[in-house]
Amino acid sequence: MSHPDLNLLVTLDVLLTEGSVARAARRLRLSPSAMSRALARLRETTGDPLLVRAGRGLVPTPRALELREQVGRIVQDAEAVLRPAEALDLARLVRTFTLRTSEGFVETFGPGLIARVSKEAPGVRLCFLPKPDRDSAPLREGTIDLETGVVGKTMGPEVRARGLFRDRFIGAVRPGHPLSEGKVTLARYAAGRHILVSRRGLDRGPVDDALEESGLERQAATIVGGFSTALALARSSDLIATVPERHTEGLRAGMHSFSLPVPVPEITVSLLWHPRLDADPAHRWLRECVRVACSGPLPDPALGAETICLSPSPKA
């Protein structure tokens, strides 16, 4: 299948704007005969006369009138694409960025990120969406601008990634829970009733693998799809929630948190984006804002009782 000559779009735009072969030729610095040949090619390509004789001039056909505004926009958009990027003026930038984030991210890092964005670019709005899966299609399709999470095997090979911080898993229980007093030993932790977090409904995770190496297993009383749900259940029951430390700081406010008595691999939370936005100045600026917002000090390893955090989720 042959492709149409896209250069004809510029010729068509000028012809429909001028309504005259002679004036269009002068504007494009072509000879009248060359412009007449171009009009003939346009007529052949579109299957419409486009401009027809009326007295001593030319008038557009209904099809030409239908195309005039559309072609003008296409040519303007093409010119904008090929024009060198202007220097980014944050004070005048008006744009909405959509971020798909893991559970707890907005509560923990959102306030600082929004404050910086609002100060530097008052016309920019951030839209945070939950992250139900690790599918990279929204990045590829352009429905989201940025994503945070753990890089997995399902991530598209073209997706760019930049590490933001490392996170470890900890335990969280209600105040007054038996594990809120005394040392949390491996045996005490394994003997409790647990909340397992899995977006796919899996009945085991990294904690179970680590316990198995010690010859133990835990009882999963329930399986939920996110860390906020797990913490809400643990807050009002004797169940134990195992959650990422930094991501759930705010969600754990008022709860008792403790280091796990079993070694569980840490996770690296990354910032993800599609390469088509790699060189976009506004997008580069936002990526740096997110990096700075996430670069604060880690919570105290001693883990008194509370911390601070957010909303969507990686996987347990």
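Before reading on, note that the structure itself is shown above.
Residues numbered from 1 in each chain as written. Predicted model: local features only at pLDDT ≥ 70, side-chain atom pairs only at ≥ 80, totals over all residues. Heavy atoms only, no water.

**Q** Got a sec to walk through the packing of aromatic side chains? Specific residues and values, please.
**A** Across all of its chains, the model carries 3 aromatic pairs by this definition. Ring plane angle 50° and centroid distance 5.0 Å describe the contact between F105 and F109, whose orientation is recorded as tilted. Taken as a pair, F105 and F109 lie in helix 5 (residues 105–120) at a separation of 4 residues, close to a single helical turn. Each member of the pair, F105 together with F109, is buried. A ring pair is formed by Y189 and F258, whose centres lie 6.3 Å apart and whose planes are at 75°; its orientation type is edge-to-face. Here the residue Y189 occupies a position in helix 7 (residues 186–191), and F258 occupies one in strand 11 (residues 256–259), the gap between them amounting to 69 residues. A relative accessible area of 0% means that Y189 is categorised as buried. F258 sits in the buried class, given a relative accessible area of 5%. (Phe/Tyr/Trp six-rings, centres within 6.5 Å; stacked < 30°, edge-to-face > 60°. Helix = DSSP H or I, 4+ residues; strand = E, 2+ residues; numbered from the N terminus. Buried < 20%, exposed > 50% of the residue type's maximum accessible area, 1.4 Å probe, protein only.)

**Q** Tell me what's going on with the packing of helix 1 (residues 7–18) against helix 4 (residues 62–82), and back it up with residues and numbers.
**A** Contact geometry for helix 1 and helix 4: axes closest at 9 Å, N-to-C directions at 125°. Classified by the interaxial angle, the pair formed by helix 1 and helix 4 is oblique. Of the two possible hands of crossing, helix 1 and helix 4 adopt the one that is left-handed. In this structure, helix 1 contributes L9, V10, L12, D13 and L16 to the contact, and helix 4 contributes A64, L67, R68, V71, G72, I74 and V75. Taken together, the residues of the contact of helix 1 with helix 4 break down into 9 nonpolar, 1 polar and 2 charged. (Axes fitted to C-alpha atoms, helices over the stretch in contact; angles between N-to-C directions. Parallel < 35°, antiparallel > 145°, perpendicular 65-115°, else oblique. Left-handed = near helix turned anticlockwise from the far one by under 90°. Contact = heavy atoms within 4.5 Å. Nonpolar A, V, L, I, M, F, W, Y, C, P; charged D, E, K, R; others polar.)

**Q** Describe in detail the environment of R204, supporting the description with residues and values.
**A** Its place among the elements puts R204 in the loop between strand 8 (193–197) and helix 8 (206–213). Between the C-alpha atoms of R204 and A220, which are 16 residues apart in sequence, the distance is 8.5 Å. Ignoring sequence-local partners within four residues, the contact set of R204 consists of L196, D209 and E212. Within the structure, the side chain of R204 is placed 3.4 Å from the backbone oxygen of D208, a separation counted as a polar contact. A distance of 2.8 Å separates the side chain of R204 from the side chain of D209, its partner in a polar contact. (Polar contact = N/O pair within 3.5 Å; in protein donor to acceptor, adjacent residues only side chain to side chain.)

Coordinates in, geometry out; function isn't part of it.
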